[in-house]
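# Coordinates in review
Chain by chain, the residues:
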Amino acid sequence: MRATVTVMLKQGVLDPQGEAVRHALGSLGFDGVEGVRQGKVIALDLAEGTSEAVVTEMCEKLLANTVIESYRIEMG
């Protein structure tokens, strides 16, 4: 069983990596990019029967800094 956790900075939190990517894309001639938010994807291989509630607890305790980051869980 696999869970995929996507962690992103919350709206309003400065994203210097995203801004650097946006600037670099502009330098390469991709002028249509107005904003970039960079995050991380964490793939978890789980024992059968592991609940989404357990994955949520993992996110709250370790995988995401919930003060400045939000996360989305996809089970399957």
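Each remark here, short or long, concerns the structure printed above.
My aim in this report is to walk through the structure given alongside it, one point at a time.

Cut-offs used in this document
Residue positions are given per chain, counted from 1 along the sequence in the order it is written. Under the rules for a predicted model, residues below a pLDDT of 70 receive no local features and side-chain atom pairs below 80 are neither given nor counted, while totals for whole chains, interfaces and linings still include all residues. As a rule here, side-chain values come from all non-hydrogen atoms in the structure, and water together with hydrogens is ignored. Secondary structure elements are taken from DSSP: a helix is a run of H or I of four residues or more, a strand is a run of E of two residues or more, and numbering for both begins at the N terminus. Note on classification: 1.4 Å probe, protein chains only; a residue is buried when its accessible area is under 20% of the maximum for its type, exposed when over 50%, partly exposed between these limits. It only takes one pair of heavy atoms within 4.5 Å for two residues to be counted as in contact. Between any two strands, pairing holds if DSSP finds at least two bridges. To get an axis, a line is fitted to the C-alpha atoms, and for a helix only the part in contact is used. The angle between two axes follows their N-to-C directions and goes from 0 to 180 degrees. Multiplying one less than the number of residues by 1.5 Å gives the expected span of a helix. For this quantity, the arc is that covered by the directions from the helix axis to the C-beta atoms.

### A look at the side chain of Thr50
As for its placement among the helices and strands, Thr50 is situated in the loop between strand S2 (39-45) and helix H2 (52-63). Relative accessible area serves as the criterion here: at 18%, Thr50 is assigned to the buried category. Each residue touching Thr50, except ones within four places of it in the same chain, is listed here: Met1 and Met75.

### Here's the deal with the sheet that holds strand S1 (residues 2-9)
Strands sit in the order S2-S1-S3 across an open sheet of three strands; the sheet is antiparallel. Two strands in the sheet have a free side with no partner beyond their single neighbour: S2 and strand S3 (69-75). Ignoring which end each strand starts from, the neighbouring axes of this sheet average 20 degrees apart. For S1 and S2, the ladder comprises seven bridges, and the chain directions are antiparallel. Note on S2: the bridge partner recorded for Thr6 is Val41.

### Quick word on the environment of Asn65
By the secondary structure assignment, Asn65 is in the loop between H2 and S3. For Asn65, a relative accessible area of 38% translates into the label partly exposed. Separated by 64 residues in sequence, Asn65 and Met1 place their C-alpha atoms 25 Å apart.

### A short note on helix H1 (residues 16-27)
Between the first and last C-alpha of H1 there are 16 Å, a value that for twelve residues agrees with the 16 Å anticipated at 1.5 Å per step. Backbone geometry just downstream of H1 places Gly29 in the positive-phi region, at approximately 95 degrees.

### Details of H2
With twelve residues, H2 should reach 16 Å at 1.5 Å per residue; the first-to-last C-alpha distance of 14 Å falls well below that figure. Taken as a whole, H2 has its buried residues at Val55, Cys59 and Leu63. All buried residues of H2 lie within an arc of 50 degrees about the axis, which places them on one face of the element. Of the exposed residues in H2, the ones pointing more than 90 degrees away from its buried face are Ala53 and Lys61.

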